[in-house]
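Letter by letter, the chains look like this.
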Amino acid sequence: MKSLKNGNKNDRKIAIASLGPSVVYGVIIFLMESWPEWLTWSLWEKNHDAARSAGLVFVGLVGLALLAWRTWSANKSAIAATKQAEVAVKQIELTRKGNLNDRFGKAAELLGSDQPAVRISGAHVMEQLAEEDPKTYHSLVMKILADFVRSNAPWQPRAETESKTQNGDRGDSVGTQSNHGPPHDIQSLVETLCRVNGSREQTEYSIDLSGTDLREANLSQVKLTGATLSRTNLTKADLCGADFRWAKLRYVKLSEALLLNTNFSGSSLEEAEFIGAHLNSAQFNGAHLSGAKFSFAKLIGADFDGADMTGASLIHTDLSETKGLTLKDIKSATTDHNTTPPGYLNLEWQEGIGWVQKEPGEKTE
């Protein structure tokens, strides 16, 4: 705004400076030609040309004064209009933010409702706010939704879960596990949370769903990059194509889960349970799998390149069509004669010794 005022002042100065010399020059020429006779009335009567010249000079001076005034007035009006426009823009922005804040407050009220459908509506409003004003609401919405899920769907040992009849005054569905996946509102809120997370490449908040009960949840193709799901129960969940890169998944339960084409690259999966899981074409590149349990898992095309397999349980595990495993990985893991190693390693089991690499061309008896 300050630069605009300075620009208007400079324009006026330039206009006056360009007109001033012409006026002064005309006056000087007139005085040089007529001085001092032009002061007498008789000269004016006799010399019509001089009178006409004087009249023209006078009219020119008046015209220049009017031009200068009109220029100044126009600049003043332009400045006033600019100020009004700026005030209007600020008012519009304040109104917009006020409306967003009102909607956020209403969404928070809906999320606190006793009715599952109303809670879902509140989550959808928050998702819209995160899209419209990500700078203000993106991380905030993710944190609120994650906190809600953690508080209302905690994972507890089955004995404790079955001993509880209702979840206090919430009643309807929150915090109670059905036989076919999590309660409808929890399922919907987790889906919404994952959509909000996937709407931006970078975010200040990493999803924290640690310790939650999401058994049999349908979360295929979700983006949970860098998320924390330590000690979360995802038994029999559908997570096909999900993105868990660099996620914190220590002690996570993924037994019998559908994990086709799921990406676990770089994630922390210490003591994770994959017993009987469907892991065809899953990616474990650079993952930390110390103590993880893979017994009876389906691993056709699974890639373990660069993974830490120290202490991983591969008993009763078919690794024949996996990729990226080395002899060191097999020896550092827990295996037995029921383990089927990758064919490309050409290994055989020897009692009392374990897995040894056969000579080229040697066949297993």
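This structure is a prediction, so every number in the text was calculated from the model and none was measured.

S.K.: What exactly am I supposed to notice about the pairing of strand β2 (residues 354-357) here?
M.R.: In terms of strand pairing, strand β1 (residues 347-350) meets β2 through four bridges, oriented antiparallel. By the bridge assignment, Gln-350 is partnered in β2 with Gly-354. The loop that links β1 with its antiparallel partner β2 comprises three residues; one of these, Gly-352, has a positive phi angle of about 80°.

S.K.: Explain the packing of helix α5 (residues 134-152) against helix α7 (residues 184-198) to me, please; I cannot follow it from the model alone.
M.R.: When two helices pack together, their arrangement is given by the angle between their axes and by how far apart the axes lie. The contact between α5 and α7 brings their axes to 10 Å, and the two run at 155°. Accordingly, the angle class assigned to the pair α5 and α7 is roughly antiparallel. Two packed elements cross with a definite hand, and for α5 against α7 that hand is left-handed. Taken together, the residues of α7 that come into contact with α5 (itself represented by His-138, Met-142, Leu-145, Ala-146, Phe-148, Val-149 and Asn-152) are Ile-186, Leu-189, Val-190, Thr-192, Leu-193, Val-196 and Asn-197. Residue classes in the contact of α5 with α7 are distributed as 10 nonpolar, four polar and no charged.

S.K.: Would you mind going over the side chain of Asp-133 with me for this structure?
M.R.: Note on placement: Asp-133 falls in the loop between α4 (116-132) and α5. Since its relative accessible area comes to 10%, Asp-133 is described here as buried. Within the local environment of Asp-133, its side chain forms a polar contact with the side chain of Thr-136, the two groups lying 3.0 Å apart.

S.K.: Looking at this structure, I do not really get the nonpolar core. What am I missing?
M.R.: If you look at soluble globular proteins, the nonpolar side chains tend to sit buried side by side. By size, the foremost hydrophobic cluster in this structure holds 70 residues, and its most contacted members are Phe-274, Leu-279, Phe-284, Leu-289 and Phe-294. Of all the secondary-structure elements, those providing two or more residues to this core are α3 (48-111), α4, α5 and α7. Here the element with the most residues in this core is α5; it accounts for seven residues. Not counting chain neighbours up to four residues away, the residues in contact with Leu-279 comprise Leu-259, Phe-264, Phe-274, Phe-284, Phe-294, Ala-297, Lys-298, Leu-299 and Ala-302.

S.K.: Explain the pattern of salt bridges here, please?
M.R.: A side chain of one charge can pair with a side chain of the opposite charge when the charged atoms of the two come close. Summed over the entire model, instances satisfying the criterion amount to 10 salt bridges. Among the salt bridges present, the one from Arg-150 reaches Asp-147, with a minimum N-O distance of 2.5 Å. Of this pair, Arg-150 and Asp-147 both sit in helix α5, separated by three residues, roughly a single helical turn. Note on Asp-147: relative accessible area 22%, which makes it partly exposed.

S.K.: It is not clear to me how unusual backbone geometry should be interpreted in this structure. Could you clarify?
M.R.: Most of the time, phi is negative for any residue but glycine, and the peptide bond is trans. Although it is not a glycine, Lys-236 adopts a positive phi angle of roughly 60°. Relative to the helices and strands, Lys-236 resides in the loop between α7 and α8 (327-332). Given the relative accessible area of 45%, Lys-236 is considered partly exposed. Within the chain, Phe-296 stands out as a residue other than glycine whose phi angle is a positive 65°. Turning to its location among the elements, Phe-296 is positioned in the loop between α7 and α8.

S.K.: I'm lost on the environment of Lys-358 in this one. Help?
M.R.: The residue Lys-358 is located in the segment after β2 in this model. For Lys-358, a relative accessible area of 12% puts it in the buried group. For the pair Lys-358 and Asn-346, spaced 12 residues apart in sequence, the C-alpha to C-alpha distance is 5.9 Å.

S.K.: I tried to follow the environment of Arg-103 on my own but got confused; where do I start?
M.R.: Examined against the element boundaries, Arg-103 turns out to sit in helix α3. The spacing of Arg-103 and Gly-122 is 19 residues in sequence and 9.6 Å in space, taken between C-alpha atoms. Excluding residues within four positions of it along the chain, Arg-103 makes contact with Val-125, Gln-128, Leu-129 and Glu-132.

S.K.: Explain α7 here, please?
M.R.: Within an α-helix, residues lying three or four positions from one another point in the same direction, as the helix has 3.6 residues per turn. For α7, which comprises 15 residues, the first-to-last C-alpha distance of 21 Å matches the rise-based estimate of 21 Å (1.5 Å per residue) to within 8%. Judged by how many residues are buried, α7 sits mostly within the fold: 11 of 15 residues are covered. Burial in α7 covers these residues: Asp-185, Ile-186, Gln-187, Ser-188, Leu-189, Val-190, Thr-192, Leu-193, Cys-194, Val-196 and Asn-197.

S.K.: So what exactly am I meant to see when it comes to the packing of aromatic side chains here?
M.R.: With the rule as written, the count across this model stands at 10 aromatic pairs. For the ring pair Phe-284 and Phe-304, a centre distance of 4.9 Å and an interplane angle of 5° mean the geometry is stacked. Of this pair, Phe-284 sits in the loop between α7 and α8 while Phe-304 sits in the loop between α7 and α8, and the two are 20 residues apart along the sequence. On the accessibility criterion, Phe-284 (0% relative accessible area) is buried. The class for Phe-304 is buried, based on a relative accessible area of 1%. For the pair Trp-349 and Trp-355, a centre-to-centre distance of 5.3 Å together with 70° between the ring planes defines the contact as edge-to-face. By relative accessible area, Trp-349 is classed as partly exposed at 28%. Using a relative accessible area of 8% as the deciding quantity, one classes Trp-355 as buried.

Rules behind the numbers
- Counting from 1, residues in each chain are numbered in the order their sequence is written.
- Per-residue local features of the predicted model are confined to residues with pLDDT of at least 70, and side-chain atom pairs are confined, for both listing and counting, to 80 or more; whole-chain, interface and lining totals are unaffected and use all residues.
- Only hydrogens and water are set aside; all other atoms, that is, all heavy atoms of the structure, feed into the side-chain values.
- Any two strands with at least two DSSP-identified bridges between them are counted as paired.
- Per the convention used, a helix needs a DSSP run of H or I reaching at least four residues, while a strand needs a run of E reaching at least two, with both numbered from the N terminus.
- Under this scheme, a helix contributes an axis fitted over its contacting stretch, all axes are lines through C-alpha atoms, and angles between N-to-C directions fall in the 0 to 180 degree range.
- The cut-offs work like this: below 35 degrees is roughly parallel, past 145 is roughly antiparallel, 65 to 115 is roughly perpendicular, and the gaps in between are oblique.
- Whether a crossing is left-handed or right-handed is set by the direction in which the near helix is turned from the far one by less than a right angle, anticlockwise for left-handed and clockwise for right-handed.
- Two residues form a contact once any of their heavy atoms are found within 4.5 Å.
- All residues other than Ala, Val, Leu, Ile, Met, Phe, Trp, Tyr, Cys, Pro, Asp, Glu, Lys and Arg, Gly among them, are scored as polar; the first ten of these are nonpolar and the last four charged.
- Accessible area is worked out with a 1.4 Å probe on protein chains only. A residue is then buried under 20% of its type maximum, exposed over 50%, and partly exposed in between.
- Within 3.5 Å is the distance limit for a polar contact, defined as a pair of N or O atoms, with the added protein rule that one can donate a hydrogen and the other accept it, and that residues adjacent in sequence qualify only through two side-chain atoms.
- To qualify as a nonpolar core, a set must consist of buried Ala, Val, Leu, Ile, Met, Phe, Trp, Tyr and Cys residues joined through side-chain atoms within 4.5 Å.
- Every case where a carboxyl oxygen of Asp or Glu lies within 4 Å of a side-chain nitrogen of Lys or Arg is listed as a salt bridge.
- The span expected for a helix works out to 1.5 Å for each residue beyond the first.
- When two rings of Phe, Tyr or Trp (its six-membered ring) have centres within 6.5 Å they constitute a pair, described as stacked for plane angles under 30 degrees, edge-to-face for angles over 60, and tilted for the intermediate range.

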